[in-house]
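Chain residues, written in single-letter form:
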Amino acid sequence: MNPATPAERQDAAPSYLGGETTVASWLGTLDHKRIALLYLFTITAFFVVGAVAAALMRWQLAVPTADLVTSDTYNRLFTLHGVVMVWFFLIPSIPAVLGNFILPLAIGARDVAFPRLNLASWYIFVAGGLVTLYAIVVGGVDTGWTFYTPYSSTYSNGHVMVMAAGIFVAGFSSIATGLNFIVTVHKLRAPGLTWFRLPLFVWAIYATSIIMVLATPVLAITLLLMGLERVLGVGIFDPRIGGDPLLFQHLFWFYSHPAVYIMILPGMGVVSEIITCFSRKRIFGYPVMAVSILSIAGLGFLVWGHHMFVSSQSVYAGVVFSFLSFMVSVPSAIKVFNWIATMYRGSITLSTPLLYVLGFLALFTIGGLTGVFLATLAVDVHLHDTYFVIAHFHYIMVGGGVMAYLGGVHYWWPKISGRMFPEGIAAFAAVTIFVGFNLTFFPQYLLGYLGMPRRYMTYPAEFHTLNVISTLGALVLAVGYVLPLVYLTWSFFRGAPAGPNPWGATGLEWQTSSPPPEENFRETPVVTGPPYDYPPL
Amino acid sequence: MSRFLAFSGAISGWLPTASSMAPRVDRVLRDLLAAGSAVVVVLTVLTLVILVRYRRGSAASRAPSRIATWKIEASWITGTAIVFLYLFFEGAGVYVDMERIPPGLPEITVVGRQWMWDVRYADGRREFNTLHVRLNTPVRVVLSSEDVIHSFFVPAFRVKQDVVPGKIVSTWFNPTRTGTYTLFCAQYCGTAHAQMLGSVVVLSPGDYATWARGGLLSAGGTAEARGHAVYRRFGCAECHEDPQGRRAPPLGGLYGSLVTLADGEQLRADDQYLHDAILLSPRYRVSGYALTMPSYDGIIGPSDALDLIAYLKASATAPLAVQP
């Protein structure tokens, strides 16, 4: 048989969605795009679980007294919410879904470096998730997602070890995905795609992968040590058997602070892609943007002690960690300025992805600035462990992370599904989410300043009004989150065909058909210029 | 609008400023709020103007900017860093003053346990979930936990300190307004965490004197006397008052002095040292002595340990004599 010409193969090759469509073909696929969709379904399911827990908490908090649930149930709800949202939604959200789908396309590769490892990562993730869900079903865990010792290692009456095992297993999925992406970026870039021609989304996924590979093992070690103490009674964290409770906090935050950057850096990459596309302009200050991603990733490893200003750690440690925390906020601030400067003298189209990005800019700025409040020593003493902290990290992780994730899902939806989403209702959903989010979480800043501690299911009456506003906001937010679920599902089957490049964007992923064929490109693309090379306006 | 003003008035009214540190913390907070709001307002207005002026198809000029990008970047980085440095120093300055506890303050011992605060005064009074303090009199709160980590949080004083099992941690405040202020446990500690509330009652000197005369639960004598009872119960004198002074180091005058350990390390004999040396004694072999003292961990409870330390502290100036 004569080999077909490339053009003929492209015509013959079905999209990654076509070809075999059996369940077995999906569960055994090595195609990065299908694996991305497996992740998309899995983390959406986990998001629903975490959101239901949040909804029950907000419902309970609408009244100051125990009304809906018992305190043991409430404590299990916030533990579930934190564990599921952090490890089974936010951390895999952009890297494992959009990273998996877009990264090989964006560098002109046919797949990731290790497709089998990629599929294995998903199976490990699902296994970890099922163990965690099992822990919830058999009775739950009441330690909070932070698992502070000695409460978790000796006093807690929940299924701590089962849940810790689930997180422990899922961690290996993070490590494998991170490793895969690092090798992919190093080895599989298209000809001419030098490091400083990489789209910022690739830089962001690359930096995130480094954090995943370096930080996640520390989490595994920490959970293992906690297990040694809880099961075998080895004194590590409990002072009654010779341990030190603060050691746990140091180890936990050595992972969990960088984990915050795992949740936000990929979002910064998505924002850079969208803002250039809908402003029709190169990114302002590309080298600074790339370097700031790397410096945030690096400095992020040096600030864990700012979670411990009132823990009785040394005063000197507190001062040093405060200083370093201020330093890590400089590159974040610079990024915001550069994004706005990118829009300046651009040609701006207010499409849904850009609406999400504008929401991201507002919420990330507020979240970042209130993070500076918490890095300020004397102020943190008052605000630590109050609702101010809850509001702050939700502004970063939900206002920043989830807005960027949804923005990215909409931006690349035509590429993923080959179809357009309905613009009007999508824009309405974006605005609803923005309004609902602020209604839910802004009152929590005030509650925190007034002194309402976190993880309280009952509270003094003076906090009632603000809690009611927050609960009503959560209702609006829920509507905003349900809408995309509905219209994106509809669009997947019924949306108008998108064509290869509906936004007129520059990235390599837009040079192939939508949805892309297996192995992505008919011919390996060759890169000859910088990223975001939009024609002069 | 008037309703909004009333609402924001209510918010600021809800959180009293009742300690010497509170206005200093609020001042830093106001500076942060001013800087933060300015940034948010400027960026929002700027973004809105850009969105309208440079919307697709508008006639505004798109000629490339004449200012070099690196100059703009350098000025942003420098400007941000300078503002941040200022805020860092402002916050760190107040924090260092919070952490530097003035010497010689009257002490209240507070032991956290699931889910209550056990409050003991030096004069032998004892209360649960309530602290009485005198207006304009700085007081040191010595904190310990019997089980998990708790956190001593009085929003009106802007005071928060984690209460860590196995450690003795102190905080202090100088109450500047009479009234009753809520004490929260701020570190999640299990089932009834949200019910681990208490109050701090700040009394005028006259009221405080009246209160001090009143009959409250007695904790069994002054802290010093209670500590002496513990000292006798566990037979500490047998070794520590050995006439030849060979079996164990003498304890009179120990508090506040420098102790040299067998490995050459020198430690100040403060609250934490005494606590650890009693409960985890095998870790502290004092130079010149054999390690004969067993660990009293789990044998002497946290409250007794604090009383014992109070007794040793009272004996800091004089050699320990056998008291009647």
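This is a predicted model, so every value here is computed, not measured. (Residues numbered from 1 in each chain as written. Chains lettered and ligands numbered in written order. Predicted model: local features only at pLDDT ≥ 70, side-chain atom pairs only at ≥ 80, totals over all residues.)

### So, the sheet that holds strand β7 (residues 159–163) of chain B
All names here are of chain B.
Logical step 1: Read across the sheet, 5 strands follow the order β4-β10-β9-β6-β7 without closing on themselves; strand pairing throughout is mixed. Two strands close off the open sheet at either side, each with one partner strand: β4 (130–134) and β7. On average, adjacent strands in this sheet sit at an angle of 20 degrees to one another, irrespective of strand direction.
Logical step 2: Of the strand pairs in this sheet, strand β6 (residues 150–154) and strand β9 (residues 179–185) are connected by 2 bridges, and their pairing is antiparallel. The residue of β9 that forms the bridge with F152 is C185.
Logical step 3: Packing of helix α4 (residues 205–213) onto the sheet brings it into contact with β4 and β10 (198–203), and relative to β4 it is tilted by some 130 degrees. (Pairing = 2+ DSSP bridges. Helix = DSSP H or I, 4+ residues; strand = E, 2+ residues; numbered from the N terminus. Axes fitted to C-alpha atoms, helices over the stretch in contact; angles between N-to-C directions. Contact = placed C-beta atoms within 7 Å.)

### A word on helix α3 (residues 69–99) of chain B
Logical step 1: Compared with an ideal rise of 1.5 Å per residue, which puts 31 residues at 45 Å, α3 of chain B spans 44 Å between its outermost C-alpha atoms and is within 8% of the ideal.
Logical step 2: Three or more residues of α3 of chain B are buried, namely E73, F84, L87, F88, G91, A92, V94, Y95, M98 and E99 of chain B.
Logical step 3: Residues of α3 of chain B that are buried sit in contact with α10 (286–299), α11 (315–343), α12 (352–375) and α13 (377–383) of chain A together with α2 (22–53) of chain B. (Expected span 1.5 Å × (residues − 1). Buried ≥ 20, exposed ≤ 12 C-beta atoms within 10 Å, placed from the backbone.)

### Some details on the sheet that holds strand β3 (residues 126–128) of chain B
Residues and elements named next belong to chain B.
Logical step 1: Sheet architecture is open: 5 strands sit in the order β3-β2-β1-β5-β8, paired in mixed fashion. For this open sheet the edge positions go to β3 and β8 (169–173), each flanked by a neighbour on one side alone. Going from strand to strand, the sheet's axes swing by 25 degrees on average, the running direction of each strand aside.
Logical step 2: Summarising the sheet, strand β1 (residues 107–113) and strand β2 (residues 116–121) pair through 6 bridges and their orientation is antiparallel. Bridged to G112 within β2 is W117.
Logical step 3: Running at roughly 140 degrees to strand β5 (residues 139–145), helix α8 (residues 302–314) makes contact with β1, β2 and β5 of the sheet.

### As for the domain arrangement of chain B
Residue and element names in this part refer to chain B.
Logical step 1: By the assigned domains, chain B splits into domain 1 (14–54 + 68–99), domain 2 (107–213) and domain 3 (223–314).
Logical step 2: Summarising the inter-unit geometry, the C-alpha centres of domain 2 and domain 3 are found 27 Å apart.
Logical step 3: Counting residues at the interface gives 11 residues for domain 2 and 8 residues for domain 3.
Logical step 4: If you tally residues by element for the side of domain 2 that touches domain 3, the top one is β5, at 3 residues.
Logical step 5: Residues belonging to the side of domain 2 that touches domain 3 are distributed by class as follows: 4 nonpolar, 3 polar and 4 charged. (Domains from an automatic or database assignment. Nonpolar A, V, L, I, M, F, W, Y, C, P; charged D, E, K, R; others polar.)

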